[in-house]
Amino acid sequence: SQQGEEDPQALSIQEGENATMNCSYKTSINNLQWYRQNSGRGLVHLILIRSNEREKHSGRLRVTLDTSKKSSSLLITASRAADTASYFCATESNFGNEKLTFGTGTRLTIIP
Amino acid sequence: DVKVTQSSRYLVKRTGEKVFLECVQDMDHENMFWYRQDPGLGLRLIYFSYDVKMKEKGDIPEGYSVSREKKERFSLILESASTNQTSMYLCASSSPLVAGSYNEQFFGPGTRLTVL
């Protein structure tokens, strides 16, 4: 079963605006990762946040994690047309089995 | 540059055919994974492998088998393809967890399989 659920399923914004995507999960985790997928391609790792962290930045990306609510958000600032893609959260459980459980994804469209 | 390759980008097969999807990684990773991706369902894990000749079932192994004879190669086998196996198949690899590390997965470009 899918652990992660992204919200919204689809998002369209104007270039230059900020995009926020949310992810909820169900079990205890070691870390939460965000991946990006361009249409018809494989996934690419973007950023990771560990369970003992609350916020992390990487370039135009900002990730937050609230373990009490079992939720995370990904913020992309100053969006560009090239940010158009699907974004997935993935959780690594604290069972140590090295599997990731992926969410259903948010389809982001940046309108030039 | 790290690389995961998959044997085909697009594949069309007939119902009942035996189908082989190949995945090769050049990063000397111990862990390899096969997922299928369907609209609205995200990525679902079919099988994974921690080492040569080792395999573990994922969330949806029914109708599939795998083979890992060499460290760099992980094959997904559809013994008798059915129309409900029409999907995008993604292969990934990762290093084993060591203290302080995390499990970033590296993905291939995917194989879009259509079963008629």
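That block above? That's the structure.
Predicted model, so just to flag it, every value in this text is computed and none were measured.

*Asks:* It is not clear to me how the overall build of chain B should be interpreted in this structure. Could you clarify?
*Replies:* Looking only at helices and strands, one finds zero helices and 11 strands in chain B. Of the regular secondary structure in chain B, the N- to C-terminal order runs β-β-β-β-β-β-β-β-β-β-β. Taking 13 Å as the expected radius of gyration for a compact globule of 116 residues, we find that chain B reaches 14 Å, a close match to that expectation. Each of the three principal axes of chain B carries a C-alpha extent, and together these read 45 × 30 × 25 Å. Out of the 116 residues belonging to chain B, those deemed buried represent 47%. Taking contacts inside chain B between residues at least 6 apart in sequence as the whole, the part at least 24 apart equals 56%. Summing over all exposed atoms, chain B offers an accessible surface of approximately 5,600 Å²; the carbon and sulfur share of this is 51%.

*Asks:* Is there a simple way to think about the overall build of chain A in this case?
*Replies:* A tally of helices and strands in chain A yields zero helices and 11 strands. Helices and strands in chain A line up, N terminus first, as β-β-β-β-β-β-β-β-β-β-β. Considered along the principal axes of its C-alpha atoms, chain A spans approximately 45 × 30 × 20 Å. In chain A, which comprises 112 residues, the proportion classed as buried is 47%. Of the roughly 5,100 Å² that chain A leaves accessible, carbon and sulfur atoms contribute 45%.

*Asks:* Looking at this model, I keep getting lost on the environment of B:Arg14. Mind explaining?
*Replies:* By the element assignment, B:Arg14 lies in the loop between strand E2 (10-13) and strand E3 (19-25). Among all residues touching B:Arg14, those that are not within four sequence positions of it are B:Ala81, B:Val115 and B:Leu116.

*Asks:* Help me understand the interface of chain B and chain A, please; the structure alone is not making it clear to me.
*Replies:* By a frequent convention, interface size equals the accessible area lost on bringing the separate parts together. Contact with chain B, which involves 28 residues of that partner, is made by 22 residues of chain A. Our count for the chain B to chain A interface comes out at zero salt bridges. Sorting the residues of the side of chain B that touches chain A by element identifies strand E4 (31-38), strand E5 (42-49) and strand E9 (87-94) of chain B as the ones contributing at least two each. For the side of chain B that touches chain A, the element with the highest residue contribution is E5(B), accounting for five residues. The residue makeup of the side of chain B that touches chain A, split by class, is 14 nonpolar, 10 polar and four charged.

*Asks:* Is there a simple way to think about the sheet that holds strand E1 (residues 4-6) of chain B in this case?
*Replies:* The pairing of strands in a sheet comes from backbone hydrogen bonds and takes either a parallel or an antiparallel form. All names here are of chain B. On the basis of which strands lie adjacent, the open sheet formed by four strands has the order E1-E3-E8-E7 and antiparallel pairing. The strands lining the two open edges of the sheet, one partner per strand, are E1 and strand E7 (64-70). With direction set aside, neighbouring strand axes in the sheet form an average angle of 20 degrees.

*Asks:* Is there a simple way to think about the sheet that holds strand E6 (residues 55-58) of chain A in this case?
*Replies:* Residue and element names in this part refer to chain A. Read across the open sheet, the five strands follow the order E1-E3-E8-E7-E6; overall the sheet is antiparallel. If you trace the sheet from one side to the other, it starts and ends with strand E1 (5-7) and E6, each paired once. Strand-to-strand twist in this sheet, taken as the mean axis angle between neighbours without regard to direction, amounts to 20 degrees. Across three bridges, the pairing between E1 and strand E3 (residues 19-24) is antiparallel.

Here is what the cut-offs are and how they apply
Residue numbers here run from 1 along each chain, matching the order of that chain's written sequence. Written order determines the labels here, with chains lettered from A and ligands numbered from 1. Local features in this predicted model are restricted to residues of pLDDT 70 or higher, and side-chain atom pairs are both shown and tallied only at a pLDDT of 80 or more, whereas totals for entire chains, interfaces and linings draw on every residue. To obtain the side-chain values, all non-hydrogen atoms of the structure were used and water was disregarded. The secondary structure listing takes helices from DSSP runs of H or I that are at least 4 residues long and strands from runs of E that are at least 2 residues long, numbered from the N terminus. This radius of gyration counts C-alpha atoms alone. The globule rule is 2.2 Å times how many residues there are, raised to the power 0.38. The rule is simple: take the accessible area with a 1.4 Å probe, protein chains only, and divide by the maximum for that residue type; under 20% is buried, over 50% is exposed, in between is partly exposed. Throughout, a contact is declared for two residues whenever any of their heavy atoms are within 4.5 Å. Shrake-Rupley sampling with a 1.4 Å probe provides the accessible areas, and residues are treated as covered by the protein chains on show and by no other component. Every case where a carboxyl oxygen of Asp or Glu lies within 4 Å of a side-chain nitrogen of Lys or Arg is listed as a salt bridge. The classification used treats Ala, Val, Leu, Ile, Met, Phe, Trp, Tyr, Cys and Pro as nonpolar, Asp, Glu, Lys and Arg as charged, and all other residues, Gly among them, as polar. Pairing between two strands requires that DSSP report at least two bridges joining them. Helix axes are fitted only over the stretch in contact, all axes being lines through C-alpha atoms; the angle between N-to-C directions runs from 0 to 180 degrees.

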